[in-house]
Amino acid sequence: SACEALPALVEKGHQASITEVIDCLRCSDANLRRAAWQTLPELAEKGHKGSVAAVISCLGDSDSHVRSSACQALPQFVERGHRAAVEAVIQRLTDKTPDVRKSACQVLPQLVDGGVHRCLHVLLQCFVDDNEEVADA
């Protein structure tokens, strides 16, 4: 798609392109939303506020593949300890879709900084998950 071709055409940090890709994250086509969040880390620098907010909002997307993929991509956008990112991933630990919960279990240790006890407490939820793949994550 055009979205996926952008990184080859513009330099990282190109604000107009980043804005266009973020806009694609809000479109009704789930495939385009997935392509957009896959493209975004190639365009936006880590910590880019608009990108971080957009990816965190994708964690609440109606499409479970978008939620799972956004969860997995989040460490590319934020530094450890980013409070909003950690909170958003913790919320995904109770997602109705096992793949999303599994992604959250895998990503949370990459995001938590310093709050080891809290991380351990939250990850214990994964171990008692009814879905075997989530518990094994």
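1. Focus on the overall build of the chain
Right, so step 1: In terms of regular secondary structure, the chain is built from nine helices and zero strands.
Right, so step 2: Counting helices and strands in the order they occur from the N terminus, the chain gives α-α-α-α-α-α-α-α-α.
Right, so step 3: Burial status across the chain gives 47% buried among its 137 residues.
Right, so step 4: Restricting to contacts in the chain with at least 6 residues of sequence separation, those with at least 24 account for 64%.
Right, so step 5: Taken as a whole, the chain presents about 7400 Å² of accessible surface, with 50% of it coming from carbon and sulfur.

2. A look at the pattern of salt bridges
Right, so step 1: Summed over the entire model, instances satisfying the criterion amount to four salt bridges.
Right, so step 2: Here Asp23 ties to Arg26 by a salt bridge, and the two come within 3.2 Å at their closest N and O atoms.
Right, so step 3: The class for Asp23 is partly exposed, based on a relative accessible area of 39%.
Right, so step 4: In this structure, Asp95 and Arg92 form a salt bridge, with 2.5 Å as the shortest nitrogen-oxygen distance.
Right, so step 5: Given a relative accessible area of 6%, Asp95 falls into the buried group.
Right, so step 6: In this structure Arg92 comes out as buried when scored by relative accessible area, which is 17%.

3. As for the packing of helix H3 (residues 30–43) against helix H5 (residues 64–73)
Right, so step 1: Axis separation between H3 and H5 bottoms out at 10 Å; the angle between their running directions is 5°. Between H3 and H5, the angle falls in the class roughly parallel. Here Ala30, Arg33, Arg34 and Trp37 of H3 lie close against H5, whose contacting residues are His65, Val66, Ser69, Ala70 and Ala73.
Right, so step 2: A class-by-class count of the residues in the contact of H3 with H5 yields five nonpolar, two polar and two charged.

4. Points about the packing of helix H2 (residues 15–24) against H3
Right, so step 1: For the pair H2 and H3, interaxial distance at closest approach is 8 Å and the crossing angle is 150°. Here H2 lies roughly antiparallel to H3, going by the angle between them. The two elements H2 and H3 meet at a crossing, and its hand is left-handed. Contact with H2, carried on its side by Ser17, Ile18, Val21, Ile22 and Cys24, involves Leu32, Arg33, Ala36, Thr39, Leu40 and Leu43 of H3 and no other residues of that element.
Right, so step 2: Class assignment of the residues belonging to the contact of H2 with H3 gives a composition of eight nonpolar, two polar and one charged.

5. Side note on the environment of His48
Right, so step 1: Within the secondary structure, His48 sits in the loop between H3 and helix H4 (49–58).
Right, so step 2: Along the chain, His48 and Phe77 lie 29 residues apart, while their C-alpha atoms are 7.2 Å from each other.

6. With respect to the environment of Leu74
Right, so step 1: Relative to the helices and strands, Leu74 resides in the loop between H5 and helix H6 (83–92).
Right, so step 2: When near neighbours in sequence (up to four residues on either side) are disregarded, Leu74 contacts Val55, Ile56, Leu59, Ala85, Val89 and Leu111.

Conventions adopted
Residues numbered from 1 in each chain as written. Predicted model: local features only at pLDDT ≥ 70, side-chain atom pairs only at ≥ 80, totals over all residues. Heavy atoms only, no water. Helix = DSSP H or I, 4+ residues; strand = E, 2+ residues; numbered from the N terminus. Buried < 20%, exposed > 50% of the residue type's maximum accessible area, 1.4 Å probe, protein only. Contact = heavy atoms within 4.5 Å. Areas by Shrake-Rupley, 256 points an atom, 1.4 Å probe, with all protein chains shown as cover. Salt bridge = Lys/Arg side-chain N within 4 Å of Asp/Glu carboxyl O. Axes fitted to C-alpha atoms, helices over the stretch in contact; angles between N-to-C directions. Parallel < 35°, antiparallel > 145°, perpendicular 65-115°, else oblique. Nonpolar A, V, L, I, M, F, W, Y, C, P; charged D, E, K, R; others polar. Left-handed = near helix turned anticlockwise from the far one by under 90°.

In short, the description is geometric, and any link to function would need to be established separately.
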